[in-house]
Every structure is written in structure tokens, then in C-alpha cells.
Amino acid sequence: LMASIGMFVWKVFFFENFQQAFGPLLRTKEINGEQFLPGAFYFLLGTAVTLVIVGGNQDDDGVDNDQGWVIARYAVECLALADPVASWIGSKVPSPKINAGTSVSGCLACFATAWCVGFFMLSQELKDSYTLTVGAIACTIAEGLPFGNDNMNIPILTALAVDKLGR
């Protein structure tokens, strides 16, 4: 959360230094002002919100539940892996568009990647086909939403879906 705030302050008040430090990593729309904050800001904020929402869950009897941390890690890994794979495949494999930034091929790639991430990252208690499918569907829907920023949508919605629906 502090990193997100620091990035915001740096971009707003020290733009030249910000551009000098991050310029090579920024997309054109992040440099020319079409998108006010870079994707990394939303990545950090989405990760922080996800950790707050599911990271410190407790069981009904008030005992800390480690599954919350596993779910949070899975959701962030979906953002780190499924989102770029969806973008790459969606831009390379021709397919119908769902909306301006989402294609069928990208969605299928996102689903497959999120399912595989879950298979390798979720603990044995959470690793059933239903939970894996719920997480992959939530990640795919979050990636394809025509509003918001997928760097925030993916970890938050994926974690909530697995936490509330997948267990």
C-alpha cells in the first residue's frame, strides 16, 4: 500500500524523476497521459487489497486460517502470470473481440493459465477441480471486464471467488 502511495506522489509531484526512473518500463499511454497512473500502481494496490480481504481470514472459532494466505498468493500469481499470457496470446492469435481490449483467444489463454497456476499453487485442501475452475473463471472474467483496471480486478475478484465459492 505504501509503495502505491509513493508511486502516486512521485508521479504527481516529481514527474521528471519518475519518467527518468520508470520511462523505459512505461507504456505509451502511461507516458502521454492517457492513463494517469501506471499499471504497477494498480498491481501494488490490488495486491494490498487482496491481502487485506483474504490474507488474514479466521475460522469460525477465531483461529487463524493459513488458507487465506494461500488464496491471496494464488490470486496475485494469476495477475502475474495469467494476465500477461492473455495479453500476449490475445494479440498474437486472431479471434473475435469480446470488447475493445479482450479477445476470445486471450480469455482462453487466461483461463488455462489460471487453472494451471491453481493446480501448482493451491494447497491440497483447495486443489479440487471445482475450486480450480472457479478461480480460473473469476480470473478470466476480471481480466475481460470493460471497466476498471485488470491489475486491481484480477487479484481481488479471483481471491474473493475462491474464498467464498471455491471451498
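Going by the structure above, here's the rest.
Notes on the structure in this doc start here. (Residues numbered from 1 in each chain as written. Predicted model: local features only at pLDDT ≥ 70, side-chain atom pairs only at ≥ 80, totals over all residues. Heavy atoms only, no water.)

### Quick look at helix H8 (residues 150-164)
Convention followed: For helices the rule is a DSSP run of H or I covering at least 4 residues; for strands it is a run of E covering at least 2, with both sets numbered from the N terminus onward. The span you would expect from a helix comes to 1.5 Å times its residue count less one. Between buried and exposed lies partly exposed: a residue is buried under 20% and exposed over 50% of the maximum accessible area for its type, with that area taken using a 1.4 Å probe on protein chains only. Here, residues are in contact when the closest pair of their heavy atoms is within 4.5 Å. Counting of polar contacts relies on pairs of N or O atoms within 3.5 Å, with two restrictions inside protein: one atom must be capable of donating a hydrogen and the other of accepting it, and residues adjacent in sequence are counted only when both atoms are side-chain atoms.
For H8, which comprises 15 residues, the first-to-last C-alpha distance of 20 Å matches the rise-based estimate of 21 Å (1.5 Å per residue) to within 8%. When we look at burial in H8, the residues that qualify are Asn 151, Asn 153, Ile 154, Pro 155, Ile 156, Thr 158, Ala 159, Ala 161, Val 162 and Asp 163. For H8, the elements touching its buried residues are helix H4 (39-55), helix H5 (67-92) and helix H7 (129-144). Its side-chain oxygen 2.8 Å from the backbone nitrogen of Asn 151, Asn 149 forms the N-cap of H8.

### Some details on the side chain of Ser 105
When you line up the elements, Ser 105 lands in helix H6 (residues 104-121). Taking the relative accessible area as the measure of exposure, Ser 105 reaches 9% and is therefore buried. There is a polar contact of 3.0 Å between the side chain of Ser 105 and the backbone oxygen of Val 93. Ignoring anything within four residues of it in the chain, the contact list for Ser 105 reads Ile 89, Gly 90, Val 93 and Ser 95.

### Digging into the packing of aromatic side chains
What counts, and what does not: Only rings of Phe, Tyr and Trp enter the pairing, Trp through its six-membered ring, and a pair is recorded when the two centres are within 6.5 Å. The plane angle decides the type: under 30 degrees is stacked, over 60 is edge-to-face, the rest tilted.
Enumeration over the complete set of coordinates arrives at two aromatic pairs. Seen from their ring centres, Trp 115 and Phe 119 are 6.0 Å apart, and the 10° between their planes marks the pair as stacked. Of this pair, Trp 115 and Phe 119 both sit in helix H6, four residues apart, which is roughly one turn of that helix. Classification of Trp 115 as partly exposed rests on a relative accessible area of 28%. Measuring from ring centre to ring centre gives 5.2 Å for Phe 119 and Phe 120, while their planes differ by 90°; the resulting arrangement is edge-to-face. Owing to a relative accessible area of 67%, Phe 120 belongs among the exposed residues under this scheme. Members of the aromatic cluster, joined through ring pairs, are Trp 115, Phe 119 and Phe 120.

### Brief notes about the nonpolar core
Under the convention used in this document: Nine residue types can take part in a nonpolar core, namely buried Ala, Val, Leu, Ile, Met, Phe, Trp, Tyr and Cys, and a core is a set of them joined through side-chain atoms within 4.5 Å.
Grouped together as the largest cluster of nonpolar side chains are 23 residues, with contacts concentrated most on Ile 71, Tyr 74, Cys 78, Ala 114, Leu 122, Cys 139 and Ile 154. Looking at this core element by element, the count peaks at nine residues for H5. Beyond its immediate sequence surroundings of up to four residues, Cys 78 is in contact with Asp 83, Ala 114, Val 117, Cys 139, Ile 154 and Thr 158.

### Quick word on H4
For H4, built from 17 residues, the straight-helix expectation of 24 Å at 1.5 Å per residue is met to within 8% by its first-to-last C-alpha distance of 22 Å. If you check which residues of H4 are buried, you get Gly 39, Phe 41, Leu 45, Gly 46, Thr 47, Ala 48, Thr 50, Val 54 and Gly 55.

### A word on the environment of Ala 159
When you line up the elements, Ala 159 lands in helix H8. Among the residues examined, Ala 159 registers a relative accessible area of 1% and is labelled buried. Those residues in contact with Ala 159 that lie beyond four places of it in its chain are Thr 50, Val 54, Ile 71 and Ala 75.

### Remarks on the pattern of salt bridges
Operational definition: A carboxyl oxygen of Asp or Glu within 4 Å of a side-chain nitrogen of Lys or Arg is what we treat as a salt bridge.
Scanning all chains against the criterion turns up one salt bridge. Note that Lys 164 is salt-bridged to Asp 163, the shortest N-O span being 3.4 Å.

### Topic: the packing of H4 against H5
What counts, and what does not: Lines fitted to C-alpha atoms define the axes, with helix axes restricted to the stretch in contact, and inter-axis angles between N-to-C directions lie between 0 and 180 degrees. If an angle is under 35 degrees, it is roughly parallel; if it is over 145, roughly antiparallel; if it lies from 65 to 115, roughly perpendicular; otherwise it is oblique. The handedness criterion is simple: a crossing whose near helix is rotated anticlockwise from the far helix by less than a right angle is left-handed, and one whose near helix is rotated clockwise is right-handed.
Contact geometry for H4 and H5: axes closest at 8 Å, N-to-C directions at 160°. Taken together, H4 and H5 sit at an angle that is classed as roughly antiparallel. Every pair of crossing elements has a handedness; the one defined by H4 and H5 is right-handed. In this structure, H4 contributes Phe 43, Thr 47, Thr 50, Leu 51, Val 54 and Gly 55 to the contact, and H5 contributes Gly 68, Trp 69, Ile 71, Ala 72, Ala 75, Val 76, Leu 79 and Ala 80.

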